2 protein chains.
Amino acid sequence: MIQAAVMGYGVVGSGVVEVLTEHKDSIAKRAKEEINIKYILDIRDFPGSPFADKFTKDFETILNDDEVKVVAEVMGGVNPAYDFTKRCLLSGKSVVTSNKELVATKGAELLEIAKKNNVNYLFEASVGGGIPIIRPISQCLAANEVIEIAGILNGTTNFILTKMICDNMAFEDALKLAQDNGYAERNPAADIEGLDAGRKIAILASLAYGKHIYPDFVHTQGITKITLEDVAYASSWGGVIKLIGQVKRLDDGKLDIAVEPMLIEKSSQLANVDDVFNGILVRGDATGDVVFYGKGAGKLPTASAVVADIIDCVKHLKARKYLYWADGNADCVKPYEETSYSVYVRAETNDKKFAAEKISELFVNARTIVRANAPENEIAFVTDDMLVSRQEKAVDMLNKAGIEVKSKIRIADF
Amino acid sequence: MIQAAVMGYGVVGSGVVEVLTEHKDSIAKRAKEEINIKYILDIRDFPGSPFADKFTKDFETILNDDEVKVVAEVMGGVNPAYDFTKRCLLSGKSVVTSNKELVATKGAELLEIAKKNNVNYLFEASVGGGIPIIRPISQCLAANEVIEIAGILNGTTNFILTKMICDNMAFEDALKLAQDNGYAERNPAADIEGLDAGRKIAILASLAYGKHIYPDFVHTQGITKITLEDVAYASSWGGVIKLIGQVKRLDDGKLDIAVEPMLIEKSSQLANVDDVFNGILVRGDATGDVVFYGKGAGKLPTASAVVADIIDCVKHLKARKYLYWADGNADCVKPYEETSYSVYVRAETNDKKFAAEKISELFVNARTIVRANAPENEIAFVTDDMLVSRQEKAVDMLNKAGIEVKSKIRIADF
């Protein structure tokens, strides 16, 4: 029998305890060992819980118990999870986690400590909730060079955009509905500003390219400025607006990595990923496009990914899984202004003829697009690939010429 | 350095050699060992091949070389692949394969031999080509009970149906086009009669439920009887017709497993899986629905899955992967006539009022559906769940009453 501990008894933590308890027999069969939860760490009290005898408020109890071989860190946040994880790994315990913030900010260091101490640090649950994505990228795609990863990585923003697209709901109303449904926090910044998706694409990029890409390196833009006008133009262009985390390797070896709203064509497999679902496209040089789809969050999906990692640790107590990346620095990443893509722009002008001339002068192959019931002074167009720095200069020039730019949104290339 | 052999230098085999050669360095890094192809087995000659010095026509050469630790069997067919695989496993070599026919018919026996000899028998490439599906089901979903698996598992038939649905092409023309494009064999029976999909769902079912489900146990029906009329009715009903392999566990513990054309709703994630692509939905009790999408066949996708298995074998030369199922028998499977589902029926009658009465008498909650430009004597309807035996009886009665049933197609429940 293997002794395990669960740190954090929130949504995911209670799910982990539930899955480990309810599937005890089938898990024992797969892990070839029975797994017993010896401790649950939480600062709160849970009187009347069937697991009352397992609760502790003292991390040292877990740390100093040599019987505990595997620890699930499902507390979230960097502190004290970082300190706890480090000390567990140093003392020879494997750690599994759903904590994307910690993996994204301290992954390289923790993976190095795990390697030196011959234990595992696994984090399948940190990206895509219950969707298997870390393992497929690291194992099944071992025989591929990963050309590109693009994903809808945040369920809350995808729910909001879906409501805007399908129900013509304004951003604020859709956000309110997401909060009422429990999909969005009272303080929704980490979701709607793209930070959560930024952490996740940073983890996937680190894994795929072998160097730690810190969230600071990722150009991150949320969905707060998306309007129903943009949604309508996207539709008439033949697509939808989604918040996409994307990374691809450029010809010079640097990574183009960003989280931002993008227009994607309706025929793309990611266009039909709606509501709180996540979808992740991995483009390998041999496999071609592989897409993974499912619930990216939620108690049981995330918990089941944590438990799968616990099982994997138990099966590999004496062997390390190959899950590792070296430290990285900002030189790995192409500065955002030097990246290049096609763009959609919406602007207001009182002189459409003059605006059209200016636009065709400043943008590469600009083609006008239309929408029903557009006000007389509205103009919108899409371009071919342009350097971001050139896009920004062109927007500046339009504004200075009295053509007020309201939106500029990337057009996806997958 | 690890010595490997490739048996069969056809499409997949040459892809395996290509991937192992071109990605030699990155594979060595992941496998923590360099992998060298020592032999390629094929009865044909390949003069001028850069691998000329590796070819052998004699299986014994590979078998008797103790240096060879991993063998990729990519010959296809049961014989002599079965004999070769068995003898490799018995002599302590791990075997990886893309051979779905062999895994589906001899999997339990070969897995047992592998277990006894402490080697691995891996077959990620046997289902879904380059889509990782065997590993996710066996590992990532370890913490789940698999409630249901449903998939578009055959690219050839999906290409044909896509042409019928999107381009209104008749079955024979679409088949011809598939043959001209190299997607379908000159003798396309294994694809269009559903046998290939049947083997694949048998493998997935065996893996998910732990007992060998032989292809003989799987009710298998192809797409040869699908007409453009049915495609039109599916569309007006709000869906598409796809060839689906499905397995689910019934309340009595038996499996409902079948390959047959099904009407699926347009909102289903599988409805948008078009052309030669595969899509596989795995419904876990904790994860909910997870969908895997990608190219289900082709040289490099399949080869990259084979190579991923080779890498996994090299990393686990002294440890066994948990990939195993026991032998099974037909008692595991619910007889098809005793399964139950909703159905779409199309018939011809000269007396629509009489037909409507008969239909509502014989079928459960039959609702008429219509299509544009239907001939005067055509009638079509969908029902609620009905036992298959009752459906068949009802069809008989309609035919006897002069209402000639032209099509009866299952309606998917996912």
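Residues numbered from 1 in each chain as written. Chains lettered and ligands numbered in written order. Predicted model: local features only at pLDDT ≥ 70, side-chain atom pairs only at ≥ 80, totals over all residues.

Asker: Summarise the overall build of chain A; cite the residues concerned and give the values.
Answerer: Looking only at helices and strands, one finds 14 helices and 18 strands in chain A. Radius of gyration (C-alpha) of chain A: 23 Å, near the 22 Å computed for a compact globule of 414 residues. Considering only intrachain contacts with a sequence separation of at least 6, the fraction spanning at least 24 residues in chain A is 74%. (Helix = DSSP H or I, 4+ residues; strand = E, 2+ residues; numbered from the N terminus. Rg over C-alpha atoms; globule rule 2.2 N^0.38 Å. Contact = placed C-beta atoms within 7 Å.)

Asker: Just give me the short version of the packing of helix α5 (residues 100-116) of chain A against helix α10 (residues 195-209) of chain A, but keep the residues and values in it.
Answerer: All names here are of chain A. Following both chains from N to C, one finds α5 and α10 inclined at 50°, their axes separated by 9 Å at the closest point. The angle between the axes of α5 and α10 places the two elements in the oblique class. Of the two possible hands of crossing, α5 and α10 adopt the one that is left-handed. Contacts between α5 and α10 pair K100, E101, V103, A104 and G107 from the former with R199, K200, A202, I203 and S206 from the latter. A class-by-class count of the residues in the contact of α5 with α10 yields four nonpolar, two polar and four charged. (Axes fitted to C-alpha atoms, helices over the stretch in contact; angles between N-to-C directions. Parallel < 35°, antiparallel > 145°, perpendicular 65-115°, else oblique. Left-handed = near helix turned anticlockwise from the far one by under 90°. Nonpolar A, V, L, I, M, F, W, Y, C, P; charged D, E, K, R; others polar.)

Asker: Explain the relation of the copies chain B and chain A residue by residue, including any values.
Answerer: Once turned by 180° and shifted 0.0 Å along the axis, chain B lies on chain A with an RMSD of 0.0 Å. Put plainly, the chains are arranged around a two-fold axis. Residue F292 of chain B of chain B places its C-alpha closer to the rotation axis than any other residue of that unit, at 2.4 Å. A shared binding surface is used by both copies, with 100% of the interface residues of chain B retained as interface residues in chain A. (Least-squares fit on C-alpha atoms with pLDDT ≥ 70 in both.)

Asker: Any chance you could break down helix α12 (residues 299-315) of chain B for me, citing the residues and the numbers?
Answerer: An α-helix turns once every 3.6 residues. As a result, residues three or four positions apart point the same way. Its 17 residues give α12 of chain B an end-to-end C-alpha distance of 24 Å, which sits within 8% of 24 Å, the value for a rise of 1.5 Å per residue. Most of α12 of chain B sits out of view: 16 of its 17 residues are buried. (Expected span 1.5 Å × (residues − 1). Buried ≥ 20, exposed ≤ 12 C-beta atoms within 10 Å, placed from the backbone.)

Asker: Lay out the domain arrangement of chain A with the relevant residues and their values.
Answerer: The parts lose accessible area when they come together, and the size of an interface is often stated as this lost area. Residues and elements named next belong to chain A. As assigned here, chain A comprises domain 1 (2-129 + 299-328), domain 2 (134-296) and domain 3 (341-411). The distance between the C-alpha centroids of domain 1 and domain 2 comes to 27 Å. Opposite the 20 residues of domain 1 that make contact, domain 2 presents 23 residues. Among the elements that make up the side of domain 1 that touches domain 2, the one with the highest residue count is α5 (seven residues). Here the residues of the side of domain 1 that touches domain 2 sort into 10 nonpolar, six polar and four charged. (Domains from an automatic or database assignment.)

Asker: Can you lay out helix α4 (residues 81-90) of chain A for me, pointing to particular residues and giving the numbers?
Answerer: Residues and elements named next belong to chain A. Among all positions of α4, only A81, F84, T85, C88 and L89 are buried. All buried residues of α4 project into a common sector of 125° when viewed along the axis, lining one side. Those residues of α4 that are buried lie in contact with β1 (2-7), α3 (59-63), β4 (68-73), β5 (94-97), α5 and β6 (121-122). In the segment just after α4, G92 is the residue with positive phi, at about 85°. (Arc of directions from axis to C-beta.)

Asker: Lay out the pairing of strand β4 (residues 68-73) of chain B in plain terms, naming residues and giving numbers.
Answerer: For β4 of chain B, the buried fraction is high: six of the six residues fall into the buried class. After leaving β4 of chain B, the chain enters helix α4 (residues 81-90) of chain B and then returns to the sheet as strand β5 (residues 94-97) of chain B, a path that is right-handed. (Right-handed = clockwise from strand over helix to strand, strands pointing away.)

Asker: For the sheet that holds β4 of chain A, give the residues involved together with the corresponding values.
Answerer: Residues and elements named next belong to chain A. Read from one edge of the open sheet, six strands run β3-β2-β1-β4-β5-β6, paired in parallel fashion. Among the strands making up the open sheet, the edge pair consists of β3 (55-56) and β6. As paired elements, strand β2 (residues 35-41) and β3 share two bridges and run parallel to each other. Looking at β3, one finds that L41 is bridged to T56. Along the sheet, α4 contacts β1, β4, β5 and β6; its crossing angle with β4, the most-contacted strand, is approximately 160°. (Pairing = 2+ DSSP bridges.)

Asker: Could you give an account of the interface of chain B and chain A, naming the residues involved and the relevant values?
Answerer: Between chain B and chain A, the contact holds 40 residues from the first and 40 residues from the second. It is α12 of chain B that provides the largest number of residues to the side of chain B that touches chain A, a total of 10 residues. In terms of residue class, the side of chain B that touches chain A is made up of 22 nonpolar, 11 polar and seven charged.

Asker: So what's going on with the environment of K57 of chain A? Residues and values would help.
Answerer: Relative to the helices and strands, K57 of chain A is located in the loop between β3 and α3. When the C-alpha atoms of K57 of chain A and D45 of chain A are compared, they prove to be 8.9 Å apart, with 12 residues separating the residues in sequence.

Asker: Please provide a residue-by-residue account of the environment of P80 of chain A, values included.
Answerer: Residue and element names in this part refer to chain A. Looking at where P80 falls in the secondary structure, it is placed in the loop between β4 and α4. Judged by the 13 C-beta atoms lying within 10 Å of it, P80 is partly exposed. For the pair formed by P80 and V388, sequence separation is 308 residues and the distance between their alpha carbons is 39 Å.

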